[in-house]
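Each chain is listed here by its residues.
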Amino acid sequence: MSSCCTSGDGKPGVTFKPIPETLESPYKELFPAFDNKGLVRAEPGGFVCHQNFAENCHKIYNMKVRSDDVWIRTFPRSGTTWTSELAWLIMNDCDFEGAAKVGLPIRSPNLDANYINHWDKFAAEGSFDKMDIITIDEIEKMPSPRVLKCHLPFYLLPPNLLDTAKVIYVARNPKDAIVSLFYFHKLVNLCTYTGDLEQFVDFFLENKVLWTPYFGTVLDAWGKRSHPNLLIIFYEDMKKDIRAQIRRISAFLNKPVTEEQIEKLVDHVRVDKFAKNESVNYAKEIKAGVGKDDPTNTFVRKGQTGDWKNHFSPELNQKIDAWIEKNLAGTDLKFVTELDQQELPHYFIH
């Protein structure tokens with residue numbers, strides 16, 4: 001069985017086909033949230049997703065892009081929440097009071113989040129309507145300027161996006177992204193994973209995990225880096241000098257910020273504050289049943305560059321190094337996987 005995502009004029013875009021291995025053991029036991037139905041892959045491009053996204057991708061592809069939109073694109077667990085909170089505040093004149101009143105998933109919705117599975121199946125009885133979930137139809141009606149985010153490659157987004165709106169792409173080194181995505185799968189019931197890290201890495205490198213292939217999305221953006229409407233930011237640069245990156249975002253969005261506002265923004269994303277900020281930490285969704293209430297594994301994690309060293313064996317690290325080298329061959333993209341100095345533990349950047 002396959003499904004086709006089409007553009008507004010009826011021309012075919014991509015075809016989604018089931019990934020056979022995700023329908024078989026041990027995968028279906030390790031990823032029980034997919035109800036033995038596995039995942040599907042978009043061709044061309046190879047993007048891996050849930051069938052729910054395949055059936056609804058046209059809604060995103062045919063969205064009306066506005067000239068004052070800000071779209072934030074990332075591979076998951078690469079600075080999405082942190083960047084969208086900063087961008088929203090910069091675009092809204094650092095309205096911290098307004099930000100505290102409305103959850104980030106409503107202020108800056110994630111376009112593909114609704115379709116990683118069927119949320120209503122996992123929500124506790126009576127709690128689904130209380131979660132900060134917003135539909136594409138509602139996003140279309142949001143007042144300008146909109147700050148939207150997603151984990152999708154350009155070919156699944158509106159074709160006129162980059163020529164119409166501002167796009168910020170945040171890239172994180174793949175080693176730390178893998179570790180963080182592993183913990184995300186342990187936390188979130190929508191895509192829960194019951195196996196160990198080594199098995200997860202194998203599935204990740206074989207492009208059998210939601211949102212993979214990693215390099216497909218990153219290199220897609222890297223190849224467009226000279227476009228005036230695209231700003232590429234590296235997670236590790238955020239860790240190194242958050243103030244400099246706030247200034248870059250501000251200049252790119254043509255929204256000046258004062259030194260006083262910069263210091264307030266920096267303080268706002270201190271990990272001790274961000275972790276307790278229910279506007280951004282998805283506590284409401286966790287309590288509603290779509291995630292596990294586990295104090296040792298929260299949505300706001302450590303955000304540390306180089307944390308992979310605490311998780312990878314030498315053999316596993318060697319395997320990942322070879323994968324990175326193969327995928328970066330012939331490109332000039334380079335990643336920083338360790339930092340001598342970083343602003344942790346004070347700042348959270350997921």
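Structure shown above.
Attention in this report is confined to the structure presented alongside it.

What counts as what
Residues numbered from 1 in each chain as written. Predicted model: local features only at pLDDT ≥ 70, side-chain atom pairs only at ≥ 80, totals over all residues. Heavy atoms only, no water. Core = buried A, V, L, I, M, F, W, Y, C linked by side-chain atoms within 4.5 Å. Buried < 20%, exposed > 50% of the residue type's maximum accessible area, 1.4 Å probe, protein only. Helix = DSSP H or I, 4+ residues; strand = E, 2+ residues; numbered from the N terminus. Contact = heavy atoms within 4.5 Å. Expected span 1.5 Å × (residues − 1). Pairing = 2+ DSSP bridges. Axes fitted to C-alpha atoms, helices over the stretch in contact; angles between N-to-C directions. Phe/Tyr/Trp six-rings, centres within 6.5 Å; stacked < 30°, edge-to-face > 60°. Lys NZ or Arg CZ within 6 Å of the ring centre and 35° of its normal. Salt bridge = Lys/Arg side-chain N within 4 Å of Asp/Glu carboxyl O.

**A short note on the nonpolar core**
One finds Phe16, Phe53, Trp71 and Phe204 to be the most contacted residues of the largest nonpolar core, which totals 78 residues. Considering every element that reaches this core, the biggest residue donor is helix H9 (residues 174-187), with seven residues. Those residues in contact with tryptophan 71, other than ones at most four positions away along the chain, are Met63, Val65, Leu111, Leu148, Leu157, Pro158, Leu161, Ala165, Lys166, Val167 and Ile168. Grouped together as the second largest cluster of nonpolar side chains are 27 residues, Ile72, Trp82, Cys94 and Ile262 included.

**Considerations on helix H3 (residues 80-91)**
Look at H3: 16 Å from first C-alpha to last across twelve residues, which is about the 16 Å you get at 1.5 Å a residue. Burial of H3 is extensive: twelve of the twelve residues sit out of reach of the surface. Among the residues of H3, those classed as buried are Thr80, Thr81, Trp82, Thr83, Ser84, Glu85, Leu86, Ala87, Trp88, Leu89, Ile90 and Met91. Downstream of H3 by one or two residues, aspartate 93 has phi in the positive range, about 55°.

**Structural notes on the sheet that holds strand S8 (residues 230-234)**
Read from one edge of the open sheet, four strands run S6-S5-S7-S8, paired in parallel fashion. Only two strands of the sheet have a single neighbouring strand rather than two, namely strand S6 (147-150) and S8. Averaged over all pairs of adjacent strands, the angle between strand axes in this sheet comes to 20°, irrespective of strand direction. Where strand S5 (residues 70-74) lies against S6, four bridges are found, and the strand directions are parallel. Looking at the pairing, arginine 73 lines up with cysteine 150 of S6. Sheet strands in contact with helix H11 (residues 214-222) are S5, strand S7 (166-171) and S8, and its direction is about 125° off that of S8.

**Focus on the packing of aromatic side chains**
If you walk through the whole model with that rule in mind, you get 22 aromatic pairs. Consider the rings of phenylalanine 16 and phenylalanine 53, whose centres lie 6.2 Å apart with planes at 80°: the pair is edge-to-face. In this pair, phenylalanine 16 sits in strand S2 (residues 12-18) while phenylalanine 53 sits in helix H2 (residues 51-61), placing the two residues 37 residues apart along the sequence. Just as phenylalanine 16 is buried, phenylalanine 53 falls in that class too. Aromatic side chains tyrosine 27 and phenylalanine 203 sit 5.0 Å apart centroid to centroid with 80° between the ring planes, which places their arrangement in the edge-to-face category. With tyrosine 27 in helix H1 (residues 27-30) and phenylalanine 203 in helix H10 (residues 197-205), this pair connects stretches of sequence that are 176 residues apart. The pair formed by tyrosine 27 and phenylalanine 203 is uniform in burial state, with each residue classed as buried. Through successive ring pairs, a cluster of aromatic residues spans Tyr27, Phe31, Phe34, Phe182, Tyr183, Tyr193, Phe200 and Phe203. Above the face of the tryptophan 88 ring, arginine 107 is positioned so that its terminal group lies 4.6 Å from the ring centre. Above the face of the tyrosine 235 ring, arginine 172 is positioned so that its terminal group lies 4.0 Å from the ring centre.

**Considering the pattern of salt bridges**
Counted under the stated rule, the structure contains 16 salt bridges. In this structure, glutamate 21 engages lysine 208 in a salt bridge whose closest nitrogen and oxygen atoms are separated by 3.9 Å. In this pair, glutamate 21 sits in the loop between S2 and H1 while lysine 208 sits in the loop between H10 and H11, placing the two residues 187 residues apart along the sequence. For glutamate 21, a relative accessible area of 36% puts it in the partly exposed group. As a salt-bridge pair, aspartate 93 and lysine 255 come within 3.2 Å of each other at their nearest N and O atoms.

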